[in-house]
Amino acid sequence: MTKLGQWLWGLALLGSAWAALALGPLGPRVPPPCRQVLLPLPIYLLVAFGCYSLATVGYRLATFNDCEEAAAELQEHIGAARADLRQRGLRF
C-alpha cells in the first residue's frame, strides 16, 4: 500500500468515527458539551495541520544548505556552453 493509500485509509477511518459521534444517527448519544467540541473538530485539525506544514516549510527553508562548489561548477558549465555556442555562430 502506498503512503497516499495509508493517509486516505486513516482519514476515512477518522472521518467515519467523527461522523458517527458528531452526527449520531445510529451511534451512542453524546452529551451537548462534547458535541459542541466534536462538530468543529475537523476545522481545528485542518488549521493545526496548516500551521504545522507552514512551520515545517519555514524551518526547512531556514536550514537549507548552500552548495558553493556546485554553484561554481554550474557557472563553469554555463560559461563553457556559451563559448561553444559563440563558436557556432549564436549571439546572445
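Residues numbered from 1 in each chain as written. Predicted model: local features only at pLDDT ≥ 70, side-chain atom pairs only at ≥ 80, totals over all residues. Heavy atoms only, no water.

Trainee: What is the right way to read the overall build of the protein chain from this model?
Mentor: When its secondary structure is counted, the protein chain shows four helices and zero strands. Written out in order from the N terminus, the α and β elements of the protein chain read α-α-α-α. Over its C-alpha trace the protein chain gives a radius of gyration of 27 Å, far above what one expects of a compact globule, namely 12 Å for 92 residues. Expressed as lengths along the three principal axes of its C-alpha atoms, the size of the protein chain is roughly 80 × 30 × 25 Å. Taken across its 92 residues, the protein chain has 4% of its residues classed as buried. Here the protein chain contributes 8 positive and 6 negative side-chain charges, whose respective centroids are spaced 22 Å apart. (Helix = DSSP H or I, 4+ residues; strand = E, 2+ residues; numbered from the N terminus. Rg over C-alpha atoms; globule rule 2.2 N^0.38 Å. Buried < 20%, exposed > 50% of the residue type's maximum accessible area, 1.4 Å probe, protein only. Lys, Arg positive; Asp, Glu negative; His and termini not counted. Charge placed at Lys NZ, Arg CZ, Asp CG, Glu CD.)

Trainee: Even after reading the chapter, I still don't get the layout of surface pockets, so can you show me in this structure?
Mentor: By rolling a water-sized probe across the atoms, one finds the places where empty space is left. Of the voids in this model, the largest pocket is the one considered here, and its volume is about 460 Å³. Of all elements in the fold, only helix H1 (3-22) and helix H3 (41-62) reach the threshold of two or more residues within the lining of the largest pocket. With nine residues, H1 is the single largest residue contributor to the lining of the largest pocket. For the lining of the largest pocket, the residue count by class is 12 nonpolar, three polar and no charged. (1 Å grid on protein atoms, 1.4 Å probe; cavity = no way out; pocket = protein on both sides within 12 Å on 5 of 7 lines; lining within 4 Å. Points joined across faces, edges and corners; volume = space filled by probe spheres on them. Nonpolar A, V, L, I, M, F, W, Y, C, P; charged D, E, K, R; others polar.)

Trainee: It is not clear to me how a nonpolar patch on the surface should be interpreted in this structure. Could you clarify?
Mentor: On the surface, Leu4, Leu8 and Leu11 cluster together into a nonpolar patch covering about 320 Å² of accessible area. With respect to the helices and strands, the residue Leu11 is situated in helix H1. (Patch = residues over 30% accessible without salt bridge, like charges linked within 9 Å, V, L, I, M, F, W, Y side chains within 5 Å. Areas by Shrake-Rupley, 256 points an atom, 1.4 Å probe, with all protein chains shown as cover. Salt bridge = Lys/Arg side-chain N within 4 Å of Asp/Glu carboxyl O.)

Trainee: Hey, could you run me through the UniProt feature "transmembrane region" (unreviewed entry) in the protein chain in this one?
Mentor: UniProt records the feature "transmembrane region" (unreviewed entry) for residues 43-62 in the present numbering. Annotation note: span residues 43-62, helix share 100%, strand share 0%, distance between end C-alpha atoms 28 Å. (UniProt positions renumbered as here; feature names shortened; annotations may be inferred.)

Trainee: Just checking my understanding: could you explain the confidence of the model for the protein chain for this structure?
Mentor: Close inspection of predicted coordinates is inappropriate for parts of the model with low pLDDT. Looking at the protein chain, the pLDDT average stands at 90 and 98% of residues meet or exceed 70. Highest mean pLDDT in the protein chain belongs to H3 (95); lowest belongs to helix H2 (residues 32-38) (85). (pLDDT = per-residue confidence, 0-100.)

Trainee: How should helix H4 (residues 68-87) be read in this particular structure?
Mentor: Each α-helix turn comprises 3.6 residues. Residues three or four places apart therefore point the same way. Taking 1.5 Å per residue, 20 residues should reach 28 Å; H4 reaches 29 Å between its end C-alpha atoms and fits that length. Two residues or fewer after H4 comes Gly89, characterised by a positive phi angle close to 100°. (Expected span 1.5 Å × (residues − 1).)

Trainee: Can you help me understand the environment of Arg82 in this one?
Mentor: Counting through the fold element by element, Arg82 comes out in helix H4. With relative accessibility at 43%, the residue Arg82 sits in the partly exposed group. Sequence-wise, Arg82 and Phe92 are 10 residues apart; in three dimensions their C-alpha atoms are separated by 8.6 Å.

Trainee: Could you clarify how one ought to interpret H3 in this entry?
Mentor: Helix length check: H3, at 22 residues, gives a terminal C-alpha distance of 31 Å against a target of 32 Å (1.5 Å per residue), a fit within 8%. By the criterion of burial, H3 is predominantly exposed, with just zero of the 22 residues buried.

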